[in-house]
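The residues making up each chain are set out below.
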Amino acid sequence: MIIASLAWQSLKNRKATAILTILSIAVSVALLLSVERIRVAAKSSFTNTLSGTDLIVGARSSPMNLLLYSVFHIGNATNNVSWETYQELSKDPAVKWTIPLSLGDSHKGYRVVGTDSRLFTHYRYADNQELTLSAGKPFSRLYGAVIGAEVASKLNYQVGQPITLSHGIQTKSLQHHDDKPFYISGILARTGTPLDRAILVSLKGIEALHIDWHNGTPPVPGFQVSAEQAASMDLQPSSITAWLVGLKSPIAVFSYQRKANEYQNEALSAILPGIALQDLWRLIGNAETALLAVSVMVVFAGLIGMLTTILTSLNERRREMAVLRSVGARPVHIFLLMISESVIYAIAGTVLGFMMVYGLLGAFQPILESALGLRLSLAAPGSFEGALAGLVVISAVILGAIPAWRAYRTSLADGLTIRI
């Protein structure tokens, strides 16, 4: 206890140096904690992009490709699925609900997703969160569109504004559906999912766009079907890209998956989104590992700074050590004094780092959630945080042993000798 008190008094006499050292450790600890919190939140957000959906069904493809184009709107489907096949498999007694998806069009680089009102009823993300609208209402008319939060923000779109969709997914498409403009009926609240970057329209709206197209070829001049004419025609889709499935019981997942995979009339693939999302995260997880490694190195750099500070101060404190020895302090006491200073640095820096992280989380959590859809928890420190605090203190003891050993070996005579 006396040693710790002496160490504290010694640090008080070197306030500026001590505060800067503690601050450097605090910043490095706060950085590592922040990276870990963001990493966990990003992984959770990624793996919970789709919640409550039991299966995704589409044309025969790899699970990764099916997941990428149906959920993340990246790439294209190998083929479409006929409407009849979708209807037949949707009538399975085990099916509770389905959400059809039709892809292939875009608007200024953002993907257009054809679907129906069931998306707003059954689609879930994160911790079983429902889709909500920040403005307007879901599309209720043929040429209505609901845009994602990022689309609205980047393009500065408002409810009621007309937009022109384009055929294909190129940023600069030469094939625009100018004759059939859509009107923004609603804007989705930010979700942190690919829907933030999507434009949702009805399946009938997608069909109306292509009613006069043939095999991907635009209509011949003079034979176009106007928007009003298309609205009065039969707009039942002939095919869709994929569909999401919710089952009445989890027990039926594998039997329905087998039924879809072995379907005779068309080559289909049915995947479990949770497993596919985990596999995809493992593929892109190297970046998070590298970021975590950099943060660990920053903490190590902070501790090295502490070591440098103590070593630099040793020559200035040789008289202090000699005086302590002269009043009865043993070499082991000098050793423990230096170790105690290292521990105080580490504990104070770690506590300050935790305070910085939780203070920043409290201040910026609403902003990050609304701007990025990233939910950072304000929960009490967990096992990782506890292990980090312990590791920082242990590392401080190990590094502090270096100047402590040098001080231990400094002789009384050397300390009292005046050098000119």
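Rules behind the numbers
- Numbers given for residues are sequential positions, taken from 1 along each chain in its written order.
- Where totals are concerned, whole chains, interfaces and linings use all residues; where local detail is concerned, this predicted model gives features only for residues with pLDDT of at least 70, and gives and counts side-chain atom pairs only at 80 or more.
- By convention in this description, side-chain values take in all heavy atoms of the structure and omit both hydrogens and water.
- Per-residue confidence from the prediction method is given by pLDDT, with values spanning 0 to 100.
- Only DSSP runs of H or I reaching four residues or more are called helices, and only runs of E reaching two or more are called strands; each is numbered from the N terminus.
- By definition, a salt bridge exists where a carboxyl oxygen of Asp or Glu is found within 4 Å of a side-chain nitrogen of Lys or Arg.
- Between buried and exposed lies partly exposed: a residue is buried under 20% and exposed over 50% of the maximum accessible area for its type, with that area taken using a 1.4 Å probe on protein chains only.
- Here a polar contact is taken to be a pair of N or O atoms separated by no more than 3.5 Å, where protein atoms must pair a possible hydrogen donor with a possible acceptor and residues adjacent in sequence count only if both atoms sit in side chains.
- Two residues form a contact once any of their heavy atoms are found within 4.5 Å.
- Pairing between strands is defined by DSSP: at least two bridges between the two strands are required.
- Two rings from Phe, Tyr or Trp (for Trp, the six-membered ring) form a pair when their centres sit within 6.5 Å of each other. Planes less than 30 degrees apart are called stacked, planes more than 60 degrees apart edge-to-face, and all others tilted.

1. Considerations on the confidence of the model for the protein
Low pLDDT marks stretches whose predicted atomic positions should not be read closely.
Now for step 1: Here the protein averages 80 in pLDDT, while 77% of its residues score no lower than 70.
Now for step 2: For the protein, helix α15 (residues 412-416) is the element with the lowest average pLDDT, namely 48, and strand β14 (residues 242-247) is the one with the highest, namely 95.

2. Considerations on the pattern of salt bridges
For side chains of opposite charge, pairing can occur when their charged atoms come near one another.
Now for step 1: For the structure on display, the rule yields 5 salt bridges.
Now for step 2: Ionic pairing is found between Arg-118 and Asp-116, a salt bridge with its closest N-O pair at 2.6 Å.

3. Concerning the side chain of Ser-28
Now for step 1: Turning to its location among the elements, Ser-28 is positioned in helix α2 (residues 15-47).
Now for step 2: What makes Ser-28 buried here is its relative accessible area of 2%.
Now for step 3: There is a polar contact of 2.7 Å between the side chain of Ser-28 and the backbone oxygen of Ile-25.
Now for step 4: In this structure Ser-28 touches Val-298, Val-299 and Gly-302, once residues within four positions along its chain are discounted.

4. Some remarks on the pairing of strand β4 (residues 110-115)
Now for step 1: Burial analysis of β4 places 6 of its 6 residues in the buried class, which makes it a mostly covered element.
Now for step 2: Counting the residues in the hairpin turn of strand β3 (residues 95-107) and β4 gives 2 residues, including Lys-108, whose phi is positive at 55 degrees.
Now for step 3: As paired elements, β4 and strand β12 (residues 198-202) share 5 bridges and run parallel to each other. Across the sheet, Arg-111 pairs through a bridge with Ala-198, a residue of β12.

5. A look at the packing of aromatic side chains
Now for step 1: Summed over all chains, the structure comprises 4 aromatic pairs.
Now for step 2: Relative to Trp-243, the ring of Tyr-86 has its centre 5.3 Å away and its plane inclined at 65 degrees; by these criteria the two rings are edge-to-face. Of the two residues, Tyr-86 is situated in helix α4 (residues 83-90) and Trp-243 in strand β14; the sequence distance between them amounts to 157 residues.
Now for step 3: On the basis of relative accessibility, which here comes to 0%, the residue Tyr-86 falls in the buried class.
Now for step 4: With a centroid separation of 5.3 Å and an interplanar angle of 85 degrees, the aromatic rings of Tyr-143 and Phe-182 are classed as edge-to-face. Of this pair, Tyr-143 sits in the loop between β7 (133-136) and β8 (144-147) while Phe-182 sits in strand β11 (residues 182-188), placing them 39 residues apart in sequence. Both residues of the pair, Tyr-143 and Phe-182, count as buried.

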